[in-house]
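A closer look at the structure
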Amino acid sequence: MKTKDNSQNTLKRLINYILKDHKAGFIVVFICILISAIGSTAVAFSFKILLDGYIVPPITTNHT
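Counting its regular elements, the protein chain contains two helices and zero strands. Of the roughly 6300 Å² that the protein chain leaves accessible, carbon and sulfur atoms contribute 70%.

What follows is the structure in structure tokens.
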């Protein structure tokens, strides 16, 4: 379990370093990531609406 504890300490130190010295840049990058994720989701959703609304499934006929 020492490795997990060491990894957690390293992560905490890294986050403290980023927030202490590069807080503005971190916030800008975080906002850009959020905008990108929202944009990607919106594009995928709009394609779904377009495809579902304009592509009609083929009509199947039963030949008996």
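The full count for this structure, using the stated rule, is one salt bridge. A salt bridge links Lys48 to Asp52, with the nearest nitrogen and oxygen atoms 2.8 Å apart. Highlighted residues: Lys48 and Asp52, both in helix 2 (residues 23–54), separated by four residues, approximately one helical turn.

Once that is clear, we can look at a nonpolar patch on the surface. Residues Leu11, Leu14, Ile15, Tyr17, Leu19, Phe26, Ile27, Phe30, Ile31, Leu34, Ile35 and Ile38 make up a contiguous nonpolar surface patch of about 1100 Å² in total accessible area. Elements supplying a minimum of two residues to the nonpolar patch: helix 1 (2–21) and helix 2. Sort the elements by how many residues they give to the nonpolar patch and helix 2 lands first, with seven residues. Along the chain, Ile27 turns up in helix 2.

Under the counting rule described, the total for this entry stands at one aromatic pair. Here the aromatic rings of Phe26 and Phe30 are separated by 6.5 Å at their centres, their planes lie at 20°, and the arrangement is stacked. Of this pair, Phe26 and Phe30 both sit in helix 2, separated by four residues, roughly a single helical turn. Take Phe26: its relative accessible area is 39%, and that puts it in the partly exposed class. On the basis of relative accessible area, Phe30 is assigned to the partly exposed category, the value being 47%.

Rules of the game
Residues numbered from 1 in each chain as written. Predicted model: local features only at pLDDT ≥ 70, side-chain atom pairs only at ≥ 80, totals over all residues. Heavy atoms only, no water. Helix = DSSP H or I, 4+ residues; strand = E, 2+ residues; numbered from the N terminus. Areas by Shrake-Rupley, 256 points an atom, 1.4 Å probe, with all protein chains shown as cover. Salt bridge = Lys/Arg side-chain N within 4 Å of Asp/Glu carboxyl O. Patch = residues over 30% accessible without salt bridge, like charges linked within 9 Å, V, L, I, M, F, W, Y side chains within 5 Å. Phe/Tyr/Trp six-rings, centres within 6.5 Å; stacked < 30°, edge-to-face > 60°. Buried < 20%, exposed > 50% of the residue type's maximum accessible area, 1.4 Å probe, protein only.

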